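# An overview of the molecular structure
Below, each chain spelled out in residue letters.
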Amino acid sequence: MRFHYSTQFSHLCVKLLAFALIPALALTPVWAQPAGAPTIGAASAADLSPALERKLGEAIMEQGRRDPDYINDPDIAQYLNVMARKLAANAPGGAPEITAFGVRDSVINAFAMPGGFVGINTGLIVAAGDESELAGVLAHEIAHVVQRHIARGLTQQQQSGHLALASLAAALLAAMIPGGGANLAVGLAAFGQAAAIEQQLGFSRDAEQEADRMGFEMLRKAGFDPNGMAIMFGRLMNAASLNEGRGGGIYASTHPLSIQRMTDMQNRIRQLPLARYQASDAFWFVRAKSRVLQSTDSKAMRQAVEQMEEETRQVGADRSSLTTVRRAAAWYGVSLAALTRKDINGATKALSQAQSIMLNSPYLDLQRIDIDLANKNASAALTSAQAGLKRYPDRRAFSLRVAQALQMLGKDREVVVFLKEQVSRWPTEEPSFFQMLANSQDKLGDSVSARQSMATYYQLMGALPAAATQLQQARTMSQDFYVQSQIDVELNQITKKIHENRRLLEKLR
Ligand SMILES: [Zn+2]
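Note that the structure is a prediction, hence the values are computed from the model and not measured. (Residues numbered from 1 in each chain as written. Predicted model: local features only at pLDDT ≥ 70, side-chain atom pairs only at ≥ 80, totals over all residues. Heavy atoms only, no water.)

### Remarks on the packing of aromatic side chains
Between two aromatic rings, the relevant description is the distance of the centres plus the angle of the planes. Basically, it comes down to this: Under the pairing criterion, centres of Phe, Tyr and Trp rings, with the six-membered ring standing for Trp, must be within 6.5 Å; the plane angle then separates stacked pairs below 30 degrees from edge-to-face pairs above 60, leaving the rest tilted. Numbering goes from the N terminus for both helices and strands, where a helix is a DSSP run of H or I of at least four residues and a strand is a run of E of at least two. Under the scheme applied here, a residue whose accessible area is under 20% of the maximum for its type counts as buried, over 50% as exposed, and between as partly exposed, the area being computed with a 1.4 Å probe on protein chains only.
Enumeration according to the criterion identifies nine aromatic pairs in this entry. With a centroid separation of 6.3 Å and an interplanar angle of 75 degrees, the aromatic rings of Phe 101 and Phe 111 are classed as edge-to-face. Of this pair, Phe 101 sits in strand S1 (residues 99-103) while Phe 111 is found in strand S2 (residues 110-112), placing the two residues ten residues apart along the sequence. You can call Phe 101 buried: its relative accessible area is 3%.

Listed below in structure tokens is the structure:
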């Protein structure tokens, strides 16, 4: 279990790290603060500047994207980030950039990392009873970011061990050894360590109340049901008491839940006028997909399928639309699970069931395309993917399928044109665009461009040394002076970034 190593850390290094961290970063030293400064105050947040905090977060993410538990799925990434943006837009006084991502882990948890990166475990998505419950937890985490609790915690917490941060920095450094970054399959479990840091910070009661208050406002103003927050915290409290040390217990240990917090939330809800809230269909599909993604062995998968089959039978007495979406999403999950097992027949049957109760859903369209691709029916997949992209132009998942189908048809020239359009629209969001681009460029004999595309792919995945290697190869292969000087500029930037990251991490170690 990913949290076990947090218990291995002793509490030796607290002061050492506090000293290593602050003077090295050349920021407002803590000892310059007047004695008796409040535990939560504007002054303390200056210790770890937002820019530096973001850098630290990026360094963790660079490794984290190669963590096997990092969910590299455009459906889930887009869903969580649209939700995060909607909430952050309603933060009083604005919010820094928030990047939400899914983590393949059935433990109910969410954690805010330095720099506005927020990890959401699949277990939390699966445990949520509806969209507003998930949004409630996300809003609370975003509030921790907006109120700079992580930065304050890192600079202020003097009683509990900072060893998690130091050990994470050391691990990140080790992974940066040239050549070590080339193998993307080597996972570092960076998120387990990042979550452990939050666990060690142990936000204060005041911080939790602040995050509740602000999170509640964001939730309400963004149009979600404000009851969601109280209901989800109720679930987490139950999980904590039923299942100590796991699930809700973990979330509860980073965000101490209390009757007081529940009462506060319920009081806030009571003061609101009655209103109706519209939840999106997407939640149920993302939830079903999360359930399949977190089932990493056959036993877990069997249980997931049983649960989803159970949900397909939940025909509400009123045949409400909510029940319809839930049932369709459950069939979708059954279809996903079958396709994971390469059971194309089963996948097709379950998808037909889903489509018989719900006609229009991008998730169901995507599943149909994936089944066609698995069946090597590339032309059918291409037609559907192009139609899907026309209908849902903001969904990167359709773009990926268009490129996949074109590649299967051997139309590499078209792939290159198409993907170049896509990466001008989404230059950083979808690293796999560049990997596919490199593939087609290679097939067309353009090995210099292929190396450059791979370099961008590695850069976006955070494997900077591997990116540098690709560029060096491209430079040797190229005969074109203009291309060579272009590569030199890029190589310089990467080398600079590698050094900067190393310096930062060495100071935290
Ligand atoms: Zn909290």
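### A closer look at empty space enclosed by the protein
Where we set the bar: Definitions used for this entry: grid spacing 1 Å over protein atoms alone; cavity, a set of points where a 1.4 Å probe fits but cannot get out; pocket, an open set with protein on both sides within 12 Å along at least 5 of 7 lines; lining residue, one with an atom within 4 Å of a point. Grid points are joined across faces, edges and corners, and a volume is the space filled by probe spheres set on the points. Residues are grouped as follows: Ala, Val, Leu, Ile, Met, Phe, Trp, Tyr, Cys and Pro are nonpolar; Asp, Glu, Lys and Arg are charged; every other residue, Gly included, is polar.
For the coordinates displayed, the defined rule picks out four cavities of 30 Å³ or more. By volume, the second largest cavity is sized at about 60 Å³. Taken together, Trp 284, Arg 287, Ala 288, Arg 291, Met 308, Glu 311, Arg 326, Ala 329 and Ala 330 form the lining of the second largest cavity. Mapped by element, the contributors of at least two residues to the lining of the second largest cavity are helix H13 (282-293), helix H14 (298-312) and helix H15 (321-340). Of the residues forming the lining of the second largest cavity, the biggest block, four residues, is contributed by H13. Its residues assigned to classes, the lining of the second largest cavity shows five nonpolar, no polar and four charged.

### Overview of the packing of helix H5 (residues 131-146) against helix H9 (residues 205-221)
Under the convention used in this document: An axis is simply a line fitted to the C-alpha atoms; with a helix, the fit covers only the stretch in contact. Between two such axes, the angle follows the N-to-C directions and lies from 0 to 180 degrees. Here roughly perpendicular refers to angles of 65 to 115 degrees, roughly parallel to angles under 35, roughly antiparallel to angles over 145, and oblique to all remaining angles. The handedness criterion is simple: a crossing whose near helix is rotated anticlockwise from the far helix by less than a right angle is left-handed, and one whose near helix is rotated clockwise is right-handed. Contacts were defined at the residue level, with two residues in contact if any of their heavy atoms lie within 4.5 Å.
Contact pair H5 / H9: the axes reach a minimum separation of 7 Å and the direction vectors enclose 125 degrees. By the angle between their directions, the pair H5 and H9 is classed as oblique. Judged by the sense of rotation from one axis to the other, the crossing of H5 with H9 is right-handed. When H5 is examined against H9, the residues Ser 132, Ala 135, Gly 136, Ala 139, His 140, Ile 142, Ala 143, His 144 and Val 146 are found in contact with a partner set consisting of Ala 207, Glu 208, Ala 211, Asp 212, Met 214, Gly 215, Met 218 and Leu 219.

### So, the sheet that holds S2
Worth spelling out the cut-off: A strand pair is defined by DSSP finding two or more bridges across the two strands.
Taken in spatial order, the three strands line up as S1-S3-S2 in an open sheet, and their pairing is mixed. The open sheet has two edge strands with one neighbour each: S1 and S2. Here the strands of the sheet are splayed against their neighbours by 20 degrees on average, with no regard to which way each runs. Inspection of the sheet shows S2 paired to strand S3 (residues 117-121) by three bridges, in the antiparallel sense. When the bridges of S3 are listed, Ala 110 appears paired with Ile 120.

### A few points about the packing of helix H22 (residues 447-461) against helix H23 (residues 464-477)
Taken N-terminus to C-terminus, the directions of H22 and H23 make an angle of 165 degrees; their axes are 8 Å apart at the nearest point. With respect to H23, the axis of H22 lies roughly antiparallel. Helix-helix and strand crossings are classified by hand; for H22 and H23 the assignment is left-handed. Contacts from Ser 447, Val 448, Arg 451, Gln 452, Met 454, Ala 455, Tyr 458 and Gln 459 of H22 reach H23 at Leu 464, Ala 466, Ala 467, Gln 470, Leu 471, Gln 473, Ala 474 and Met 477. Residues belonging to the contact of H22 with H23 are distributed by class as follows: ten nonpolar, five polar and one charged.

### Quick word on helix H19 (residues 396-408)
Which entries qualify depends on this criterion: Take the number of residues in a helix, subtract one, and multiply by 1.5 Å to get its expected span.
Helix length check: H19 (13 residues) gives 19 Å between terminal C-alpha atoms against 18 Å at 1.5 Å per residue, within 8%. Within H19, eleven of the 13 residues are buried, which leaves the element mostly enclosed by the surrounding structure. Buried within H19 are the following residues: Arg 396, Ala 397, Phe 398, Ser 399, Leu 400, Arg 401, Val 402, Ala 403, Ala 405, Leu 406 and Gln 407. Next to the buried residues of H19 lie helix H3 (74-88), helix H17 (362-374), helix H18 (378-391), helix H20 (412-425) and helix H21 (431-443).

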